[in-house]
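Each chain, written out:
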Amino acid sequence: MNSRERVLATLNHEEPDRVPLDLGGWVTSMHKIAYENLVNYLREESDESEKFPTSYELKDWIQQLPDIDESVLTRLGIDTRYVRPSSPTGDSWKLKEFEDEDYYYVTDGWGVTRKRPKDGGLYYDIVFSECPLKDATVGDIEDHDWPDPEDPGFRRGVKERAKEIKESGHAVVADFNFESWYENCWYMRGYERFYKDLYKNPDFVERLLDKTSEIHMKFLDAILDEAGEYVDVVLQGDDLANQDGPAMSLEMYRKFVKPRQARIFDLVKSKTDAKLFYHCCGSVRDLIPDLIDIGVDVLNPVQVSAKGMNTEELKSEFGDRMTFWGAIDTQKVLPMGSTDEVREEVNRRINHLSRDGGYVLTSVHNIQADVPPENIVTMYDTARNY
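Residues numbered from 1 in each chain as written. Predicted model: local features only at pLDDT ≥ 70, side-chain atom pairs only at ≥ 80, totals over all residues. Heavy atoms only, no water.

Peer 1: Mind showing me how you'd approach the nonpolar core here?
Peer 2: Across soluble globular proteins, nonpolar side chains show a tendency to be buried alongside one another. Within the largest apolar cluster, 104 residues are counted, with the highest numbers of intra-cluster contacts made by Y182 and L361. With 10 residues, helix α8 (residues 202-227) is the largest single contributor of residues to this core. Not counting chain neighbours up to four residues away, the residues in contact with L361 comprise V19, P20, L21, D22, G326, I328, V346, I350, M379, Y380 and A383. Residues V7, V27, Y82 and W325 belong to the second largest nonpolar core, which totals 12 residues. (Core = buried A, V, L, I, M, F, W, Y, C linked by side-chain atoms within 4.5 Å. Buried < 20%, exposed > 50% of the residue type's maximum accessible area, 1.4 Å probe, protein only. Helix = DSSP H or I, 4+ residues; strand = E, 2+ residues; numbered from the N terminus. Contact = heavy atoms within 4.5 Å.)

Spelled out as structure tokens, the structure:
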């Protein structure tokens, strides 16, 4: 099997020649510090050290994720390759950058401001005191300066890139989440204020969710028209759960979120034959039946350290209807475990999840800055040699 055949087999719940491996997406990549350490390690272990990169570009400034070089993906045996929107060209998406004595700041096209400490900060975090809709009313939503989801720059070169990946024999994963329509609501409103609004101000929540989901659907409609025929997996995601369970009641999820997700997922399915990949951190176990109901084919990141996320039980209950993508623990095992413990983790998850296909192996969310490169290499080498 080539890489694409391997991934398609497992997505169709057929057992491939080995478990497919993933790295390099919006939620399956690594922090730039981990990447720098990994590349240096690979250069030292290789007789052809010059083939590994000496520089990189960031593909995600918020999470500080690098664009991972083909030489690294090849060395680790990665079966997926990602196609992403190109840079928008319109003024509505221009970042506003500034700084003070302690922080770097960036305000994005939604009006959300983030900051990163100058003294060793790893990420850009939201400045909730500056949320653009923190004091807004329902009537203010339409007047907000919304960015253009149909900016032609997004689509530039996307079809050609997807076709190139497909012809290379790798699975084509479309990283088309557009910064998450749901999470953008609380980015703009403030986390605490938004979740209070679910109870106290439901009309505001309904209108805000309608607006962000409409924008997201316009983006998807245009970009899938461009590249939908070539992609194998379309990535979507919203973080709707915490370590101990869903972030809201199931009743509220079904009232506010699920109907809009269903419309978005129906649009994706109408534009492509690709499988729908859904990212949701935390204890998502109670939401899985609803996600299957609205067309989710793939669950990521399978946060094994969260409540109710026992991989053996998940496979037994949902494995005939859902592919699991992730599951290698990033909270304890990858950063703090020995290479032997990493091998045990990889073997355990493959044993639990790979029967009759339905499992793509990668870390639970992005590999963090403190993960030793030996553990990254061990994770992928162990899986390939299982």
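Peer 1: Just checking my understanding: could you explain the sheet that holds strand β7 (residues 125-126) for this structure?
Peer 2: Hydrogen bonds along the backbone pair up the strands of a sheet, which may run parallel or antiparallel. Pairing is antiparallel in the open sheet, where four strands are placed in the order β4-β5-β6-β7. Looking at strand neighbours, the two that pair on one side only are β4 (96-99) and β7, the edges of this open sheet. Sheet topology places strand β5 (residues 103-107) next to strand β6 (residues 113-117); five bridges connect them, and they run antiparallel. Pairing of V106 across the sheet is with R114, part of β6. (Pairing = 2+ DSSP bridges.)

Peer 1: Honestly, the pattern of salt bridges in this entry has me stumped. Any pointers?
Peer 2: Here the structure, examined in full by the defined rule, presents 36 salt bridges. When the shortest N-O distance is used, the salt bridge between E45 and R75 registers 2.8 Å. Linking E45 in helix α2 (residues 32-45) with R75 in helix α3 (residues 70-76), this pair joins segments that are 30 residues apart in sequence. K211 is paired through a salt bridge with E142; the nearest N and O atoms lie 2.8 Å apart. Placement of the pair is K211 in helix α8 and E142 in the loop between α4 (138-141) and α5 (158-168), with a sequence separation of 69 residues. Its relative accessible area of 13% is what places K211 among the buried residues. On the accessibility criterion, E142 (43% relative accessible area) is partly exposed. Salt bridges sharing partners connect three or more residues here, namely R6, D17, R18 and D79. (Salt bridge = Lys/Arg side-chain N within 4 Å of Asp/Glu carboxyl O.)

Peer 1: Got a minute to help me understand the sheet that holds strand β9 (residues 233-237) in this structure?
Peer 2: Strand order in the open sheet made by the seven strands is β3-β8-β9-β10-β11-β12-β13, with parallel pairing throughout. Every interior strand has two partners, whereas the edge strands, β3 (80-83) and β13 (359-363), have only one. Strand-to-strand twist of the sheet, defined as the mean angle between neighbouring strand axes without regard to direction, takes the value 25 degrees. Contacts between helix α1 (residues 3-11) and the sheet are confined to β3, β8 (171-174), β9, β10 (275-279), β11 (298-300), β12 (323-328) and β13, with β12 contributing the most and set at about 110 degrees to the helix. (Axes fitted to C-alpha atoms, helices over the stretch in contact; angles between N-to-C directions.)

Peer 1: Help me out: how do you make sense of the pairing of β13 in this one?
Peer 2: For a regular strand, the rule is simple: side chains alternate between the two faces of the sheet. A large share of β13 lies buried, amounting to five of its five residues. Two strands pair when backbone bridges link them, and β12 and β13 are joined in this way by five bridges, in the parallel orientation. Bridging from a neighbouring strand, A327 pairs with T362 of β13.

Peer 1: What should I look at first to understand the environment of N375 in this one?
Peer 2: By the secondary structure assignment, N375 is in helix α14 (residues 373-384). The class of N375 is buried, set by a relative accessible area of 3%. Distance from N375 to N385, taken between C-alpha atoms, is 15 Å for residues 10 residues apart in sequence. If sequence neighbours within four positions are ignored, N375 has contacts with V333, L334, G337, S338, T339 and V342.

Peer 1: Is there a simple way to explain helix α9 (residues 250-271) in this structure?
Peer 2: At 3.6 residues per turn, the α-helix brings residues three or four places apart onto the same side. The terminal C-alpha atoms of α9, which comprises 22 residues, lie 29 Å apart, in line with the 32 Å expected from a rise of 1.5 Å per residue. Most pronounced at V257, the bend in α9 amounts to some 45 degrees, and the proline P259 follows within four residues. What α9 keeps buried is the set M252, Y253, F256, V257, K258, R260, Q261, A262, I264, F265, L267 and V268. Among the structural elements, α6 (181-189), α7 (191-200), α8, β9, β10 and α10 (288-293) are those in contact with the buried residues of α9. (Expected span 1.5 Å × (residues − 1). Bend = angle between axes of the 7 residues up to and from the residue.)

Peer 1: Before we go on, may I ask you to explain empty space enclosed by the protein in this structure?
Peer 2: One water molecule sets the probe size; rolling that probe over the atoms shows where empty space is left. All chains considered together, the criterion is met by one cavity of 30 Å³ or more. Counted as a void, the largest cavity has a volume near 30 Å³. In terms of lining residues, the largest cavity is bounded by N177, W181, Q236, G237, D238, I264, F265 and Y278. Elements represented by at least two residues in the lining of the largest cavity include exactly β9 and α9. Classifying every residue of the lining of the largest cavity gives four nonpolar, three polar and one charged. (1 Å grid on protein atoms, 1.4 Å probe; cavity = no way out; pocket = protein on both sides within 12 Å on 5 of 7 lines; lining within 4 Å. Points joined across faces, edges and corners; volume = space filled by probe spheres on them. Nonpolar A, V, L, I, M, F, W, Y, C, P; charged D, E, K, R; others polar.)

Peer 1: Where do I start with a negative patch on the surface in this structure?
Peer 2: Together, D100, E101, D102 and D119 make up a region of like negative charge exposed at the surface. Looking at the element boundaries, D119 is found in the loop between β6 and β7. (Patch = residues over 30% accessible without salt bridge, like charges linked within 9 Å, V, L, I, M, F, W, Y side chains within 5 Å. Areas by Shrake-Rupley, 256 points an atom, 1.4 Å probe, with all protein chains shown as cover. Lys, Arg positive; Asp, Glu negative; His and termini not counted. Charge placed at Lys NZ, Arg CZ, Asp CG, Glu CD.)

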